[in-house]
Amino acid sequence: MPRTLLEPRFQVEHLSILDSEGTLDTALEPKLAPDELRALWRAMLLGRRLDERMVRLQRQGRIGTFAPLKGQEASQIGSVAALRTTDWMVPSFRETAAMIWRGWPIERLLLFFAGYLEGGQPAPAQHDLPVTIPVATQLPHAVGLAYAAQYRGDDAVVMVYFGDGATSEGDFHEALNFAGVWQVPVVFVCQNNQWAISVPLKKQTHSRTLAQKAHAYGVPGLQVDGNDVLAVRVAAGEAVARARAGQGPTLLECITYRLGVHTTADDPTKYRSEEEVAAWERKDPLTRFRAYLEGRGLLEAGLEETLDAEIAEAVRRFEATPPADALAMFDHVYAEPPAHLVAQREELARRLAANPAAPPADSDAVPPDATPMRGQRLTRR
Amino acid sequence: MAVLTYREALNLALREEMRRDPRVFVIGEEVGLYEGAYKVTQGLLKEFGAQRVVDTPIAESGFTGVGIGAAMVGLRPVVEMMTFNFALVAVDQIVNTAAKIHYMSGGQYRVPLVIRGPGGPAAQLGAQHSQSMESYFYHVPGLKVVRPTTPMDAKGLLKAAIRDDNPVIFIESETLYNVKGEVPEDPEFLIPLGRAIVRREGTDVTLVAYMGMMYRAMEVAEELAPEGISIELVDPRTLRPMDAETIIGSVRKTHRAVVVEAGAGFAGMGSEIASFITERAFDDLDAPVERVTGANAPMPYARNLERLKTPSKEKIAAAVRRVCGTNGG
């Protein structure tokens, strides 16, 4: 019997409850309390309104580079809503909506994207890690958090966010493998938004799904309509419950779409068609959920205006913040300042004190009329 | 004082810190049942159990990342690299997260993490397992980098590293694990990070070296004494942050300096030490600072070539004579 079929033949489930046409699978519809449904809607709408505002703020030069989440609100809010405040949330860099759900003040996110160190600082009791910029490196951290929870014997669950591109990184493999071997309480939430900057999913992997990758680690993997907040909420709730019950990690692949730019430094018209974007706009997670709530009589009148006012107030407070203290540059390099940083800090303090009116900072841009140096071709258009 | 090997001193440091603080745990490849590729974790699994002495899949980036995550939420992991050369696949975790998250979170998340294991030239470990790995890390703000030369340092510095609230790169050496020396038995004996030590007093020239090179420098000091050359030996012990004051103080006394390093030289620790001596003590110098470094080539595997690649006693002695202007006189 040289060739035998081994047991692990697998199937990948795809979960959809409220589809883009607004059709509801009533058998699968979760029994969420009206207040929770309203809270989900409020968070998704706030995520959308803030996102659009932040893109404008970046365009106006009022904040730095920003990675918008437009189109991914259901993936983020449906999943994060399954956590308790004592659970841990580990973001990548596009989880603005999920972070607000977890209690990050809007103002602090604005400060973060404007380059203030305190913007990257969660509140002391908040069980969130800061934004992660390098791709997939936060996945092993999440496993470490879960290992620590197991170590201490508490029942915290860790939810970690990443995109489709991150599944190609070694850290994705290593984290899934560790989590599988150790059976630690992590929910891996992959927001498959179809594009890693300009690289489409089909160039990222030859796998039919990303969810199936979990099976190789002996971990459950589930694909879910990531634009269906009810489906994401159900899938995340099940995964969190399993993790909390000591049944180990889960990989959730949320099928969604980044309707906007990768970051404000990106121009997606270079690599994807208007038709494709338009097709996904018809699957907008907000449209179908709004119609669902309307049908149930749960839409709050004037909510958009309320949220816009909340955002405007946060922007006002953010812009009233004085410029970052230059000396803060040295503050948190180490837990305690070593001699060489004390010396550098003092040197900068002396320079600033000597010339308080015009701080001695050079522009980082090369002036257009700078004298060309040898080896530098002077280009004229 | 007990006489222990360097390996036993490290083991004792781990054991004492794990007994003292339940947050300390050891994680890495083969650290549990196998007791470490170099047996530094001998007996720890038996005493502390599998939750605190964690055998991992072979994935350095993964278990370094796990260590970072656990450290961010208050545990104090000691990550073992089977050889420090394996840390190359974890460089993103070490440089981009361990070293930076305290800074980027505005001081909210500390990373009290030790990453330890052997590195540097050894006995026929080949090009990929003999690198002076400290060079890759001391450039990075946010990391501390320790290289303990003696068993006493191994214990005192490892304990200080475990109690430190920053990520500490702690690089041992395969060639030193069997070296014996006196080690204080006091479980509160610590050697603070960032302090150099004068290992031998002298008046004519300051010789800066660490790890295997310090033992070689010691032999040179003994051999040149009869020629009337009095060598002061300074061991930085911690490369980052560096105790420049002790080195500068010694140079102001001897007016000459030679820096020895086992690594490939270019932009190495010797360059850094030579440059701060020149910047801060130029007027005290009676001769240019000399560096004695390994050849700027990968480590050969052949025994005879390997011996020729690292700085020899002869090369060190020649440099000392040159700065002293005696040329073998």
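So, how was this worked out
Residues numbered from 1 in each chain as written. Chains lettered and ligands numbered in written order. Predicted model: local features only at pLDDT ≥ 70, side-chain atom pairs only at ≥ 80, totals over all residues. Heavy atoms only, no water. Pairing = 2+ DSSP bridges. Helix = DSSP H or I, 4+ residues; strand = E, 2+ residues; numbered from the N terminus. Axes fitted to C-alpha atoms, helices over the stretch in contact; angles between N-to-C directions. Contact = heavy atoms within 4.5 Å. Core = buried A, V, L, I, M, F, W, Y, C linked by side-chain atoms within 4.5 Å. Buried < 20%, exposed > 50% of the residue type's maximum accessible area, 1.4 Å probe, protein only. Salt bridge = Lys/Arg side-chain N within 4 Å of Asp/Glu carboxyl O. Domains from an automatic or database assignment. Buried area = accessible area lost by both parts, 1.4 Å probe. Polar contact = N/O pair within 3.5 Å; in protein donor to acceptor, adjacent residues only side chain to side chain. Phe/Tyr/Trp six-rings, centres within 6.5 Å; stacked < 30°, edge-to-face > 60°. Lys NZ or Arg CZ within 6 Å of the ring centre and 35° of its normal.

> Even after reading the chapter, I still don't get the sheet that holds strand E8 (residues 250-255) of chain A, so can you show me in this structure?
By definition, the strands of a sheet pair up through backbone hydrogen bonds, in either a parallel or an antiparallel sense. Residues and elements named next belong to chain A. Pairing in this open sheet of six strands is parallel, and the strands run E1-E7-E8-E4-E3-E2 from one edge to the other. Two strands bound the open sheet, and with one partner strand each, they are strand E1 (13-15) and strand E2 (88-90). If you compare each strand with its neighbour and ignore which way they point, the axes differ by 20° on average. Against the sheet, helix H6 (residues 170-182) engages strand E3 (158-163), strand E4 (186-192) and E8, with an angle of about 150° to E4. Each of E1, E3, E4, strand E7 (221-225) and E8 is contacted by helix H8 (residues 229-244), which is oriented at about 155° to E7, the strand it contacts most.

> How do you make sense of the nonpolar core when you look at a structure like this?
Where a protein is soluble and globular, its nonpolar side chains tend to be buried together. Counting residues in hydrophobic clusters, the biggest one holds 121 residues, and the most contacted among them are A:Val143, A:Phe188 and B:Ile277. Take this core: its biggest share by element is nine residues, from helix H5 (residues 138-152) of chain A. Those residues in contact with A:Val143, other than ones at most four positions away along the chain, are A:Ala175, A:Phe178, A:Ala179, A:Trp182, A:Val184, A:Val186, A:Phe188 and B:Val66. Grouped together as the second largest cluster of nonpolar side chains are 69 residues, A:Ala82, A:Met99, A:Ala231 and A:Leu286 included.

> What should I look at first to understand the pattern of salt bridges in this one?
Working definition: two side chains of opposite charge can pair if their charged atoms are close together. Counted under the stated rule, the structure contains 50 salt bridges over all chains. A salt bridge links A:Arg290 to A:Glu304; its shortest N-O distance comes to 3.5 Å. Taken together, the positions of A:Arg290 in helix H10 (residues 285-295) and A:Glu304 in helix H11 (residues 303-319) put the pair 14 residues apart, joining distant regions of the chain. The class of A:Glu304 is partly exposed, set by a relative accessible area of 24%. Note that A:Glu336 and B:Lys144 form a salt bridge whose closest N and O atoms lie 2.8 Å from each other. Residue A:Glu336 is found in the loop between H11 and helix H12 (339-354), and its partner B:Lys144 is found in strand E6 (residues 144-146); the two belong to separate chains. Classification of A:Glu336 as partly exposed rests on a relative accessible area of 32%.

> Mind showing me how you'd approach helix H4 (residues 106-113) of chain A here?
Since the α-helix turns once every 3.6 residues, residues separated by three or four places project in the same direction. All names here are of chain A. With six of its eight residues buried, H4 lies for the most part within the structure. Inspection of H4 places Ile106, Leu109, Leu110, Leu111, Phe112 and Phe113 among the buried residues, and these make up the whole buried set. Contacts from the buried residues of H4 go to helix H1 (34-59), helix H3 (96-101) and H11. Looking one or two places after H4, you find Gly115, whose phi comes out positive at around 95°.

> How should the domain arrangement of chain A be read in this particular structure?
Quoted interface sizes are often the accessible area lost when the parts come together. Taken as a whole, chain A is organised into domain 1 (18-319) and domain 2 (327-356). When each unit is reduced to the centre of its C-alpha atoms, the spacing between domain 1 of chain A and domain 2 of chain A is 38 Å.

> What should I look at first to understand the interface of chain A and chain B in this one?
Contacts between the two partners involve 38 residues from chain A, matched on the other side by 50 residues from chain B. Overall, the association of chain A and chain B removes approximately 3,400 Å² of surface from exposure, summing both partners, and the carbon and sulfur fraction of that is 62%. Where chain A touches chain B, the interface holds one salt bridge. Inspection of the region where chain A meets chain B yields 23 residue pairs in polar contact (both at pLDDT 80 or more).

> Explain the packing of aromatic side chains here, please?
Each aromatic ring pair is summarised here by two numbers: the centre-to-centre distance and the angle between the ring planes. In total, this model carries 15 aromatic pairs over all chains according to the counting rule given. Centre to centre, the rings of A:Phe112 and A:Phe113 are 5.0 Å apart; their planes meet at 85°, and the pair counts as edge-to-face. Classification of A:Phe112 by relative accessible area gives buried; the value is 18%. In this structure an aromatic cluster arises from ring pairing among A:Tyr147, A:Tyr151, A:Phe178, A:Trp182 and B:Phe25. Over the aromatic face of A:Trp280 sits the side chain of A:Lys283, whose NZ or CZ is 4.0 Å from the ring centroid. Just above the ring of B:Tyr34 sits the side chain of B:Lys39; from NZ or CZ to the centre is 3.8 Å.

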